[in-house]
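Understanding the architecture of this molecule
The chain contents come next:
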Amino acid sequence: MSEVVYEETATMIAAGELQSFVPFGRDHCKNHPNAFNLQLRELQPASELWSSDCAAGLVGSLQEVSLQEREKESWQLRKGSVDALEQDVEFEEELYAAGNVVVWSQGSRTQGSNVYKAFTVDSPVEQALWCNFAVPQSKNEEEKVEHTVCIVQNGCVNIHSVTGKDFLSPLPIQVSKVWPTKFGLMLERKITAADGQLSSPGESLPTVFSMLHPIDEVAPVVCKPTGSMEGSCVEYMSDTTMKIVFACCQPSIVVSYDTVQGTHSVWSLRKVTHEERSTLLRCPAEPFSGPLGFLATDFLMSHLRNFSRLDSPGGSKPARFNLASAPSGAVSSPLHYSSLHNHQSRILMSSPGIHSRIHSPSISNMAALSRAHSPGMAAPSLSGMARFNTTLHSSSPRGHHGVLHSPNSTTNETVLLPELEPIIPDLCMEQLWSETVVAPATFNSMDREMSSQASKVFLTSDVCENRYLCFLVESHQQLRCVKFVESNDKSQFIFASVTCIAAKDAEPLQNIDAMLVLEACGSLVLYTGITRVSTVFVPGLLSSTFSLTNHRASLYMPLEHVSTPTDASSRRLQRLDEAAMPSPVSELRSAYMKHQEGSFLDDYTFQQATPYIHALRDPVCNRVTLELSNGTMLRISIPDIATSELVRKCLQAIRFILPKEAAMKVLVKWYTICNAPGGISAHAEWNLFVTCFLTLMGYNTERLTWTRNLQFEVPLSPVIAAKKARPCDAGSDEDWEYLLGSHYHHQMSSFSGFGPEDSSGVKETATADTEGMSSSSSLSSASPTLDNSAPLFAHMPALFYVLHLLYQELLLNELHRERASSLVCLLQQLARDLQLEEYVDLYWRDYPSLIKGFTESCLIDQTLIGQMQHPSFLRAEPPCVFSWLSSCLRGEEAPPFPYLPGICHRIRLLVLSYALYISGDDNATSSNVAKYLVKLSAGQKSCASEQQYKRQSSINQVEFCSESLAEQLVVWLTSEGFTLKDLESVPFGVALPIRDAIYHCREQPCADWSEEVCLLIGRQDRTRQAHKMSLAKNKATLSSSLSLEPPATTETDEEEDGMSDIVQEVTGLIWSQDLRVQEVRRLLQSSRPVRVSVVQLPEVSDHEYIEEKENKLLQLSQRTMGLPVGRGLFTLFSYQPVPTELLPIPKLNLTGRAPPRNTMVDLNSGNIDVPANMTSWPSFHNGVAAGLKIAPASQVDSAWIVYNKNKSQEMANEHAGFLMALGLNGHLTKLATLNIHDYLTKGHEMTSIGLLLGVAAARIGTMDMSTTRLLSIHIPALLPPTSTELDVPHNIQVASVIGIGLVYQGTGHRHIAEVLQSEIGRPPGPEMEYCTDRESYSLAAGLALGMVCLGQGSNLIGMSDLNVPEQMYQYMVGGHRRAQIGASRERHKSPSYQIKEGDTINVDVTCPGATLALAMIYLKTNNRSIADWLKPPDTWFLLDFIKPEFLLLRTLARCIIMWDDILPNTEWVKSNIPKIIRGTLDSSQDINMETRTQAQDYITAGACMALGLRFAGSANSDAFDCLYEFAKSFMKAMSLSGAAAAQPGYYNLQTALSMILLSMSMVMSGTGDLKVLQLCRFLHYRTGGEMNYGFHMAHHMTLGMLFLGGGRYNLSTSNSAIAALLCAFYPHFPSHSTDNRYHLQALRHLTVLAAEPRLLVPVDVDSLKPCYALLEVTYKETRWYAETTVELMAPTMLPELHLLRRVRVKGPRYWELSIDLNKGAQHLKSVLSRNGVLYVKLRAGQLSYKDDPQGWKSLPTSAINQRNSGVRAFKLEAISTFTSEPALLSFAEFFCKASDGMKHREETVALFSTMLYECVTQECPEMLPTYIAIEQVVGALCRGELQHSFSLWQMRLVLDLWDGRVLRRPANCRDALLSSEFLPIMKNKVDVALDGWHKDNSSALRSYMRGETLSEDARSPMLACFLVSRSLPYLRNTQLHGCTSFGDLLSRSSKLGIQLRDLLRLAPVLLEGGPDLQTLLAH
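Numbering of residues starts from 1 in every chain and runs along the sequence as written. At least 70 in pLDDT is required for a residue's local features to be given in this predicted model, at least 80 for side-chain atom pairs to be given and counted, and no such filter applies to totals for whole chains, interfaces and linings, which use all residues. To get the side-chain values, all heavy atoms of the structure are used, and hydrogens and water are removed first.

Focus on the overall build of the chain
- Helix and strand assignments follow DSSP, with helices taken as H or I runs no shorter than four residues and strands as E runs no shorter than two, numbered in order from the N terminus. A count of helices and strands for the chain gives 79 helices and 46 strands.
- Counting contacts in the chain only where the partners sit at least 6 residues apart, residues at least 24 apart contribute 71% of the total.
- We get accessible surface area from the Shrake-Rupley algorithm with a probe of 1.4 Å; when it comes to residues, only the shown protein chains can shield them. Of the roughly 84,000 Å² of accessible surface on the chain, a fraction of 54% belongs to carbon and sulfur atoms. The contact criterion used is simple: two residues touch if any of their non-hydrogen atoms lie within 4.5 Å.

Looking at unusual backbone geometry
- In this structure, the amide linkage connecting P1155 to the following residue, P1156, adopts the cis form with an omega of 0°.
- Here P1156 is to be found in the loop between β36 (1152-1154) and β37 (1159-1161).
- Backbone torsion omega between A1690 and P1691 reads 10°, so that peptide bond is classified as cis.
- The backbone phi angle of L1664 is positive, close to 55°, even though this residue is not glycine.
- Mapped onto the elements of the fold, L1664 is located in the loop between β40 (1655-1660) and β41 (1669-1675).
- Categorising residues by exposure relies on relative accessible area from a 1.4 Å probe, with only protein chains included: less than 20% of the type maximum marks a residue as buried, more than 50% marks it as exposed, and the intermediate range marks it as partly exposed. Overall, the relative accessible area of 29% leaves L1664 in the partly exposed class.

Overview of empty space enclosed by the protein
- Only protein atoms enter the calculation, which uses a 1 Å grid: trapped sets of points that fit a 1.4 Å probe without letting it out are cavities, open sets showing protein on both sides within 12 Å along at least five of seven lines are pockets, and any residue with an atom within 4 Å of a point is a lining residue. Grid points are joined across faces, edges and corners, and a volume is the space filled by probe spheres set on the points. Counted as a void, the largest cavity has a volume near 210 Å³.
- For the largest cavity, the lining is made up of 16 residues, of which R1852, L1855, S1925, R1926 and R1957 are closest to its centre.
- The set of elements that each furnish at least two residues to the lining of the largest cavity consists of α73 (1846-1862), α74 (1878-1896) and α78 (1956-1966).
- In terms of residues, the lining of the largest cavity owes the most to one element, α73, which gives five residues.
- Classification used: nonpolar for Ala, Val, Leu, Ile, Met, Phe, Trp, Tyr, Cys and Pro, charged for Asp, Glu, Lys and Arg, polar for all others including Gly. Along the lines of polarity and charge, the residues of the lining of the largest cavity split into four nonpolar, three polar and nine charged.

Structural notes on the pattern of salt bridges
- Whenever Lys or Arg places a side-chain nitrogen within 4 Å of a carboxyl oxygen from Asp or Glu, that contact is recorded as a salt bridge. Evaluated as defined, the whole model comprises 51 salt bridges.
- R617 serves as the salt-bridge partner of E627, at 3.9 Å between the closest nitrogen and oxygen. Linking E627 in strand β31 (residues 623-628) with R617 in strand β30 (residues 613-620), this pair joins segments that are ten residues apart in sequence.
- Taking the relative accessible area as the measure of exposure, E627 reaches 24% and is therefore partly exposed.
- Notably, a salt bridge pairs D1074 with R1076, separated by 2.8 Å at the nearest N-O pair.
- Its relative accessible area of 27% is what places D1074 among the partly exposed residues.

Comments concerning the packing of helix α46 (residues 1245-1258) against helix α48 (residues 1290-1303)
- Between α46 and α48, the least distance of the axes is 8 Å, while the angle of their chain directions is 5°. In terms of orientation, α46 lies roughly parallel with respect to α48. Between α46, through E1245, S1248, I1249, L1252, L1253, A1256 and A1257, and α48, the contact on the second element is made entirely by N1291, I1292, A1295, S1296, I1298, G1299, L1302 and V1303.
- Counted by class, the contact of α46 with α48 contains ten nonpolar, four polar and one charged residues. Geometry is summarised by axes, namely lines fitted to C-alpha atoms with helices restricted to the contacting stretch, and by angles between N-to-C directions that run from 0 to 180 degrees. Angle categories: roughly parallel below 35 degrees, roughly antiparallel above 145, roughly perpendicular from 65 to 115, and oblique for all the rest.

As for the sheet that holds strand β15 (residues 219-220)
- One requirement defines pairing of two strands: DSSP has to find at least two bridges between them. Overall, antiparallel pairing links the four strands, which are arranged β12-β13-β14-β15 in an open sheet. The strands lining the two open edges of the sheet, one partner per strand, are β12 (175-180) and β15.
- The sheet contact formed by strand β14 (residues 208-211) and β15 spans two bridges and is antiparallel. Opposite S210, over in β15, you have A219 as the bridge partner.

With respect to the pairing of strand β26 (residues 505-509)
- Taking burial as the measure, the five residues of β26 include five buried ones, the bulk of the element.
- The alternating pattern of β26 places D505, E507 and L509 and A506 and P508 on opposite faces, both of which are buried.
- Summarising the sheet, β26 and strand β27 (residues 514-518) pair through five bridges and their orientation is antiparallel. Across the sheet, residue L509 finds its bridge partner in β27, namely A514.
- Hairpin geometry of β26 and β27 is characterised by an intervening segment of four residues between the two adjacent antiparallel strands and by a positive phi of about 50° at D513.

Considering helix α51 (residues 1364-1373)
- Burial runs high along α51: seven of the ten residues are buried.
- Buried within α51 we find V1364, P1365, Q1367, M1368, Q1370, Y1371 and M1372.
- Turning to α51, the residues buried within the fold contact α49 (1310-1320), α50 (1334-1348), α53 (1403-1417), α54 (1424-1429) and α56 (1444-1457).
- Trailing α51 by a residue or two, G1374 shows a phi angle of about 95°, which is positive.

Some words on the sheet that holds strand β28 (residues 524-528)
- Spatial strand order, β1-β29-β28-β27-β26: five strands in an open sheet with mixed pairing. At either end of the open sheet lies a strand with only one pairing partner, and these are β1 (12-14) and β26. Sheet twist, expressed as the mean angle between neighbouring strand axes with direction ignored, is 35°.
- Judged from the five bridges that link them, β28 and strand β29 (residues 531-537) form a sheet pairing that is antiparallel. Bridge pairing in β29 places L524 opposite V536.

So, the side chain of S169
- Note that S169 resides in strand β11 (residues 166-170).
- Note on S169: relative accessible area 3%, which makes it buried.
- What qualifies as a polar contact is a pair of N or O atoms within 3.5 Å, subject to a donor-acceptor requirement within protein and to the restriction that residues adjacent in sequence count only when both atoms come from side chains. Here the side chain of S169 touches P214 through a polar contact of 2.8 Å, landing on its backbone oxygen.
- Ignoring any residue separated from it by four or fewer positions in sequence, one finds S169 in contact with C156, V157, I159, M211 and P214.

As for the state of the cysteines
- In this description, a disulfide is simply a cysteine sulfur pair whose atoms lie within 2.5 Å. Across all of its chains, the model carries zero disulfides by this definition.
- With no disulfide of its own, C1815 lies 5.1 Å from the sulfur of C1820, the closest cysteine sulfur.
- The class for C1815 is buried, based on a relative accessible area of 0%.

Description of the pairing of strand β6 (residues 101-108)
- The element β6 is largely enclosed, with a buried count of eight among its eight residues.
- A two-sided burial pattern is seen for β6, the buried positions comprising V101, V103, S105 and G107 on one face and V102, W104, Q106 and S108 on the other.
- In this sheet, β6 lies alongside strand β5 (residues 91-98) in antiparallel orientation, the contact comprising eight bridges. Each bridged residue has a counterpart across the sheet, and for E92 the counterpart in β6 is G107.
- The hairpin turn running from β5 into β6, its antiparallel successor, is two residues long, and G99 in that turn takes a positive phi close to 65°.

Observations regarding the packing of helix α62 (residues 1546-1563) against helix α63 (residues 1570-1580)
- α63 packs onto α62 with a crossing angle of 145° between their chain directions and a minimal axis gap of 11 Å. When you trace α62 past α63, the crossing you get is left-handed. Note on element contacts: α63 touches α62 through V1572, L1575 and L1579, opposite L1553, L1557 and M1560.
- The residue inventory of the contact of α62 with α63, partitioned by class, reads six nonpolar, no polar and no charged. Crossing chirality is assigned from the near helix's rotation relative to the far helix, an anticlockwise turn below a right angle marking it left-handed and a clockwise turn marking it right-handed.

A word on α74
- Here a helix's expected span is defined as the number of its residues, less one, multiplied by 1.5 Å. A rise of 1.5 Å per residue sets the reference length of α74, with its 19 residues, at 27 Å; its end C-alpha atoms lie 28 Å apart and thus fit the reference within 8%.
- Restricting attention to buried positions, one finds in α74 the residues F1878, L1879, M1882, K1883, V1886, D1887, A1889, L1890, W1893 and H1894. Around the axis of α74, the buried residues are gathered within 165° of arc, so they sit on the same side. Summarising the geometry of α74, the exposed residues directed more than 90 degrees from the buried face are I1881, V1888, K1895 and D1896. Each direction from the helix axis to a C-beta atom contributes to the arc, which is the arc of those directions.

Examining the packing of aromatic side chains
- Note on aromatic contacts: the rings of Phe and Tyr and the six-membered ring of Trp form a pair at centre separations within 6.5 Å, being stacked when their planes are under 30 degrees apart, edge-to-face when over 60 apart, and tilted otherwise. Scanning the model with the defined rule gives 32 aromatic pairs in all.
- Centre to centre, the rings of F484 and F493 are 5.8 Å apart; their planes meet at 75°, and the pair counts as edge-to-face. For the residue pair F484 and F493, the accessibility class agrees, reading buried in each case.
- An angle of 80° between the planes, with centres 4.9 Å apart, marks the rings of Y1827 and F1878 as edge-to-face.

Brief notes about the confidence of the model for the chain
- Model confidence for the chain is summarised by a mean pLDDT of 76, while 73% of its residues fall at 70 or above.
- Along the chain, pLDDT gives the predictor's confidence residue by residue, from 0 to 100. Within the chain, the element-level pLDDT minimum falls on helix α1 (residues 4-7), averaging 29, and the maximum on helix α65 (residues 1615-1624), averaging 97.
- Confidence drops under pLDDT 50 across residues 543-608; counting only partners more than four residues distant or on other chains, this segment forms 114 contacts.
- Across residues 939-962, confidence stays below pLDDT 50; counting only partners more than four residues off in sequence or on other chains, it has 40 contacts.

Focus on the environment of F484
- Positionally, F484 belongs in strand β24 (residues 478-486).
- Of the residues examined, F484 reaches a relative accessible area of 3% and is grouped as buried.
- Considered as a pair, F484 and R467 are 17 residues apart in the sequence and their alpha carbons are 5.8 Å apart.
- Ignoring sequence-local partners within four residues, the contact set of F484 consists of L459, R467, Y468, L469, F493, I494 and F495.

Here it is as structure tokens:
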């Protein structure tokens, strides 16, 4: 009966899951409320309503819509792509459009649909579609994909992205259809009658346009037709006869239809190349031909131009319209002017966003620029919608210009051309293939008129991975399939032959590589590619409802459908119809022949009311909708090719190795069999596959006992002849015959004949079976043979081999072992029949108990074996992956192992892993793969599949720079997508080397490994760190703050002071012994009233007492007003704002409370005089302090910044400060230009200062042009001399000058430097301008100049003529003013009427700026000659001429120029004081003591400040001690009353002390040093006398610096940081709160620019709490010290990173981690920038430093770790101190405690406890399953219960590894994974058990070794286990038996790789005489 398989064609498969289908959107729309009044609709022009329930209240209803409109509904379905919560859920998405509503819904088969988004628009929806736009990212090349829904209306398209962005893009053309492509939208212009009249074919307008992003312009698409030459003409797509019928994203192709020629073309869509662009823009092909063409084009141009710039001047010239509308053709232009204008008015009402979009081209430019679009060739072309090239009509391949140019056209042209710059095209369509036009003879005139345009186009592939482009030509009722292949470099497609299939409709089924075709007769047929598979039976629908009349009528009307009785003729016809099944459709059979066949059946036609299938639509995966003739819709699913994983893998292997035709036959055959109606259950699928597969090879499965047994599970097997479902219910005789001939009948009749399953029983059943066969059986003899005509007979060896490799692959996965045992039954049968004895032996060794029952074999004639194709790769010696790995472990050479690419993924992975790690071949995974693996190729397989099976992993293939093989292995495995989950499924013996590598990597992982690698090695701390890193790369959020959230406080006063965000957990660890943080917080709070305690003396009246209290309050208020600057530093970057809330700004409270009654004291009572505007600058500082809390990584945008603007005028100053703070932390870059403009036009001085300084600080060193313009407006010197004089307030000018310095910092920009240099000495102006506060302006210019040329010293390129140093020196010491040059000469012509300076330089004004400029220009250059200019004078006479303050500045400047000479000791400080001041005084000289003391104090202060800058942030103890000494001496001098203190004046001492305090806080910044805190607290309470506002500010800045950012930040000593600190700590503090004469107060906040995060906070990865950890920090070698290593207890402040070589988390308590800074400090920087969180993990048995500071509690664990008799000391209760892993704790609880029912209780519990102890103390908990597995294997072997040798193979691999690695290591080496005691014991047990068996069964072993056939009892599993364990090869063909001496035996066995110890055991068996072992050894 076996022949029937290939001829039976009447197959049928059953469709599953029939359900009725109604688009969800239709139901949803029914629930809309009735239409609201129109006002509401107008109010919400493009409202998008998000809804989750079905009855969402959407505007408008479809209830009253007329029937015509109702029919306009449309919908499309696709596979769900929006990120679902569960990745595996398969769901469908539907986009439904009807009327004005679009509904996007989602639903899976298990859950109902729900609305995802719904939209209502103004006008009826013309089309709704999904489209993905690629948004280029500025930093790197990759693009982000924006998923959107596009809703096309008349004149515009609404685009809504999934992320919530909405765009409304007006369309400058009328669109007929929109297509989604890979790059964005493609628009097809509506072709109107005007197109034909307007122009000859050569010059029509483009018909296809593209839009790459919603805010991009609509650009024409160009095309490159074939036939033209190489590099050929690219032209605009302007052929009106061409329609697009299909566009696809992957691959990016477009199909078009030529309406004239009636052919389809395929084009590839790609971006335009640079050359094509320039060709198009450069060569105007032929100018306009004739006036008409010109006018038409111009008409469109003017429209487009008007449209894009609706209010641009001169956009619409009436004259041009008159011109354009003169010719009759132009009136009905493709662009209806009215519609445009209506549309415009509608847009302008809708929303402000859209309004600005249309009205301001500049914003659109910015948007375009910000999206990093390169404008390509023509930069100006960014604005304006529609300047199509004047050469749009470049000549088309058909038609030439026949009209001559008229002179007037050219004149017009020249007039108008300049305005029409072209729009640059973005996309190009390159023609790939075009149909050939063949008119068949059967065509008659009517056919020719018929359009053969494709109504449906789709891509499909067949099961052999051929790809087809199919288009359905409905008018001819045929489906044309074009086969295409991708070229190797994936750049091109090559199209092959066209095949036509008769079809009324068709849809692809992606999941199963097939398509469903609706034939003209109404039946559904499944095709894979162009191969017909079978008819599809839809339960509940009559399948063969033919609709037959002659074919012409069928083109125009639906036909009556017919059904036929099952008459012989109709059956014969059906056979004709479905010609031999699996062969591809012949190309000759055209649709016409098909229809003619239908007329045979006209006689049988009768009416039937059953609905028939009318069309197919909406394919998703393997589901499709059937549209029935009565309008209802059904959704069916077509079954998959296989549900069982094993069957799927086998089919994959078969497909891989067979030629495509044969593979196709097998797959099709299998598909029809497994999916026949009444099909099989999943568990029987494998049995069915075996039967089918063997039958296809020519076996008669009835004759083999085991295959016949398989059938009992299947009630009715349709294998041999699948029965086709009957078209009608009446039975016939054939049915009876069919039943008699079926398997089921044979099984049932032979069932009684089964005897016991021995060989005789088998023969009996076989003969009984033969007799019971019906006559249709074709068995000729009793001995089974193979049918050599079977299709797979010739391919048997190749198929056997690939299945064997699949079997080896399955063995490497614990989860697939069951499948391997199923497969081995099939393999042994094939191996036996192909007479491959070694394979049979291998299978028997693997599964001895399973295989021994199989003894049958089918004889294959030798001549037939010759007919088979024996592939070269089939070796006699079977490839066994375990023995390959074993020989690798033993260090033996092994041939490369064969594998199937794409199928044997794990073989490849493990073989290469062993080659890399065990063999130590570095290049095993790269260049040397061929040494270890040989790839099987089947000839037809492309290499593309190689890439497909690599599981995607986010790690890139890194270049291996790592030293060890273990690291290399781990990184490589991760790059292949290998995870811990995969490792768990690798058998334990195979996995051990990988576990070993992981164990070694775990000790010291690289700091920069990716998250996946850290996961694999099981370092959760590193995993979490890497996860944070990758998170931070993707999002700009401060993700790590999750673990360090500040506590939420509820008390109101806590909230108010603005310092509640300091993270207490961290500060509590850093300063755990005291409450210094709370004390600082108390000192810096300014939001509560101060205590005013004044004692009322008896003689003081009440009124005077009140005045006294208020005066006291005024003094205290000076202090309160100085606090915010310090508070800003203390709370720096500690807060994450909530985007929906305002930033809380604490109040600046200047009231007081007087004890004892707590009465309120207020300054506004009018009793005393209070300066005006006293609080304006303090409010500003308060705003800055609040703004500085915002962390740089927060999410802040323009809207939020403006949202914080307070309406009340009092808060304006605070908002100004807030703006400056946002600039300092980098957020002001997000403020829109429009908002900046709004702020500046208000004219509020403070706001302008804050904004200008903030914007400059945010763009520091960038030379940003827009910022430069912004600042230049406020600096008269940077404006042209002729410009209008603007009245810019002085302070704003100062801020702008500093701003310019910041923006150009370090750039050495010549022009800016020149202007700033002259501004230092700017003379006062004639009126009042430039006369007040000149000092601050000059200082600002000096500081700015210093910043611009920062640290450039003598390298100032191109500035030698400016003589900068000489000019600075002159400004410093005075002299004649030089003549002004250049632009400023005019401005300073007339002298000032206020100030008489003459022609000398006013040194008092210019000296500070010039000194600091010089200091910054030569910063750290150690230029001695410049430094000597700055030495203090060495004669008393000269000293009298210099202000003491300037001495401070000069000393400071000189010291920071000689940076490397600064030493942290008092001697160095004193060395800066001139000898005459230090020396003994000569009484004869008349010396002013005041001069001397002042000079000494100020020089000391200057040197101390330099010392502070040099050691800023280093916490250098020598520097601190030195500064502390000076601070104490100054304090002492101040406290001494009398002559000494009165002489130099309290003010000077106080200034010097403030500077020294600031210097101390610079050195100790962020450390919270107590000594400095005490000094600050002492000075905090000094409020009377000379202690003014400025000094308070200085002291509290010191306090803030000391706790910078709550102890998380520190100061840097980079050049830019020093510059910022010089600006901030300028040593002249304001005397009162409005004083800006010498230095602008706002600059005090620039300290922030010098701050950098340097606190490292260890966070325990298990508890996610900050903890202590020991760090080892190694300093690089410098000229002052050698390479040094120090130990720090973290959380700690790290030194500056450039000083460090390495930072290491030190053991023993935590896992070690080393960060090497030689490779780059980027990793550590990114850790520090995200709160410095470094995740650490406690080692087993260790306690944290908090719980066990001295390490005493951990003592017992360390004793246990020494591997002494610690097991006894190990108590299970203590397990929780060793590990927190729940799995281990549970194991301890359930397995390591004796329970009553347990066998051998004590022994088992002791064993398990030992294992647990070993795993926990050695910190390899993942080894516990391995230990248990080994114990189980050994136990089963000893009991003789092993049924297969699989686990013994694992044991052998473990022992091989142990022998190879551990025994060769030094004795003290503690890095073996498995315990050294455990394995030898287990090995010994194995040896004992096997030797015991050997002793009793040596005869069986001997006969096996000699190749004799064994009895079934002798073939025991133990024999197989013995052979595997002793690694004995298959010896049947070797001459080992027959050896006479042991030497002989040794020489013969040397080639077989048997180990010597095993050979000694076997010698008695092998040697003929059989001497015992003793006598052998005696020899």
